[in-house]
Amino acid sequence: MADLKILGISGSLRKASFNTVALKTCAELMPAGMTMTYARIDDLPLFNQDVFDAGIPESARRLRAEIAAADGVLIASPEYNFSLSAALKNAIDWASRPPNQSWQDKPVAIFSVSQGPMGGARVQYDLRRILGQLWAHVLPRPEVFIGAAPSKFADGKLTDETTRKFLSELLVGFKAWIERMQVKK
Ligand SMILES: Cc1cc2nc3c(=O)[nH]c(=O)nc-3n(C[C@H](O)[C@H](O)[C@H](O)COP(=O)(O)O)c2cc1C
């Protein structure tokens, strides 16, 4: 069977983003039979329906095509003021407009990394609410909240073994979730 194609999206545009590092680490931790590519969202213009209607910009067209082609989307999200970063919400919005809204029936897994002690516990529930109403299928569990990030990363690497184990478990669950959704289709 062909590998499951996972599209990784980091909600942080920061060069040294903990979320981006954790997302890239997931490529090492994935079970056999999954491969990951990464979307860029930093070149999307701010969503404007007039612009969309006049002709979807190339960057948004690319993102929509990447989501459509993926078997599953893995989102690493920072928490900004108890919710999503503007960049991530903007990306979700660009992919959400009909026709062929990209999130329809798409298996999605999320995790969050933050400097605060709660690891982005609040942003994940906003993400679930947004993606759920777009008919994405968001993996319910395990939930992975990576708090106190500076203590878990060093030299651009995720060094905390317990966190790596939590992400591995998320990825095993995500693989089973995608396979289950594919059987349902
Ligand atoms: C605008 C802004 C708002 C933030 N709000 C929160 C917050 O609500 N909760 C939290 O735990 N951290 C918050 N932080 C701190 C982030 O957790 C921290 O910047 C983290 O490193 C962002 O993820 P990144 O490393 O992937 O960029 C905020 C940071 C910014 C820039």
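Thresholds, definitions, all that
- Residues numbered from 1 in each chain as written.
- Predicted model: local features only at pLDDT ≥ 70, side-chain atom pairs only at ≥ 80, totals over all residues.
- Heavy atoms only, no water.
- Helix = DSSP H or I, 4+ residues; strand = E, 2+ residues; numbered from the N terminus.
- Rg over C-alpha atoms; globule rule 2.2 N^0.38 Å.
- Buried < 20%, exposed > 50% of the residue type's maximum accessible area, 1.4 Å probe, protein only.
- Near = heavy atom within 4 Å.
- Polar contact = N/O pair within 3.5 Å; in protein donor to acceptor, adjacent residues only side chain to side chain.
- Areas by Shrake-Rupley, 256 points an atom, 1.4 Å probe, with all protein chains shown as cover.
- Nonpolar A, V, L, I, M, F, W, Y, C, P; charged D, E, K, R; others polar.
- 1 Å grid on protein atoms, 1.4 Å probe; cavity = no way out; pocket = protein on both sides within 12 Å on 5 of 7 lines; lining within 4 Å.
- Points joined across faces, edges and corners; volume = space filled by probe spheres on them.
- Expected span 1.5 Å × (residues − 1).
- Arc of directions from axis to C-beta.
- Pairing = 2+ DSSP bridges.

Explain the overall build of the protein to me, and be specific about the residues and the numbers.
For the protein, the helix and strand inventory stands at six helices and eight strands. Its helices and strands taken in sequence order, the protein reads β-α-β-α-α-β-α-β-α-β-β-β-β-α from the N to the C terminus. Relative to the 2.2 N^0.38 estimate, which gives 16 Å for 185 residues, the radius of gyration of the protein is 16 Å and therefore close to what a compact globule would have. Taking the principal axes of its C-alpha atoms as reference, the protein extends roughly 50 × 40 × 25 Å. Put simply, the protein has 185 residues, and 50% of those count as buried.

I'd like a rundown of the site of the ligand, residues and numbers included.
Taken together, the neighbourhood of the ligand is formed by 13 residues, with S12, R14, S17, N19 and E79 sitting nearest. In the model, an oxygen atom of the ligand is placed 2.7 Å from a nitrogen or oxygen of the S12 side chain. Contact distances for the ligand include 2.8 Å between a nitrogen atom and a backbone N or O atom of N81. Bound to the protein, the ligand loses 74% of the 620 Å² it would expose on its own. Here the residues of the shell around the ligand sort into four nonpolar, seven polar and two charged.

Describe in detail the layout of surface pockets, supporting the description with residues and values.
Taken as a whole, the largest pocket holds about 250 Å³ of empty space. Looking at the largest pocket, it is lined by 14 residues, and the ones nearest its centre are S10, S12, L13, T20 and A39. Only β1 (4-10) and α1 (18-29) provide two or more residues apiece to the lining of the largest pocket. Among the elements that line the lining of the largest pocket, the one with the most residues is α1, at three residues. Class assignment for the residues of the lining of the largest pocket results in five nonpolar, four polar and five charged.

So what about the environment of F166? Which residues, and what values?
Tracing the backbone through its elements, the reader meets F166 in helix α6 (residues 161-184). Put simply, F166 and E143 are 23 residues apart on the chain and 8.7 Å apart in space, counted from C-alpha to C-alpha.

Go over helix α3 (residues 58-69), please, and point to the residues and values.
Here α3 is 12 residues long and its end C-alpha atoms lie 16 Å apart, about the 16 Å a rise of 1.5 Å per residue gives. Within the sequence span of α3, burial applies to S59, A60, L63, R64 and I67. The buried residues of α3 occupy an angular sector of 135° when projected down its axis, which confines them to one face. With respect to the buried face of α3, the exposed residues turned more than 90 degrees away are E58 and A68.

Just give me the short version of the pairing of strand β3 (residues 72-77), but keep the residues and values in it.
β3 sits mainly inside the fold: six of its six residues count as buried. By the alternation rule, side chains of β3 split into G72, L74 and A76 and V73, I75 and S77, which are all buried. Inspection of the sheet shows β1 paired to β3 by five bridges, in the parallel sense. Bridge assignment links I6 to a residue of β3, and that residue is G72.

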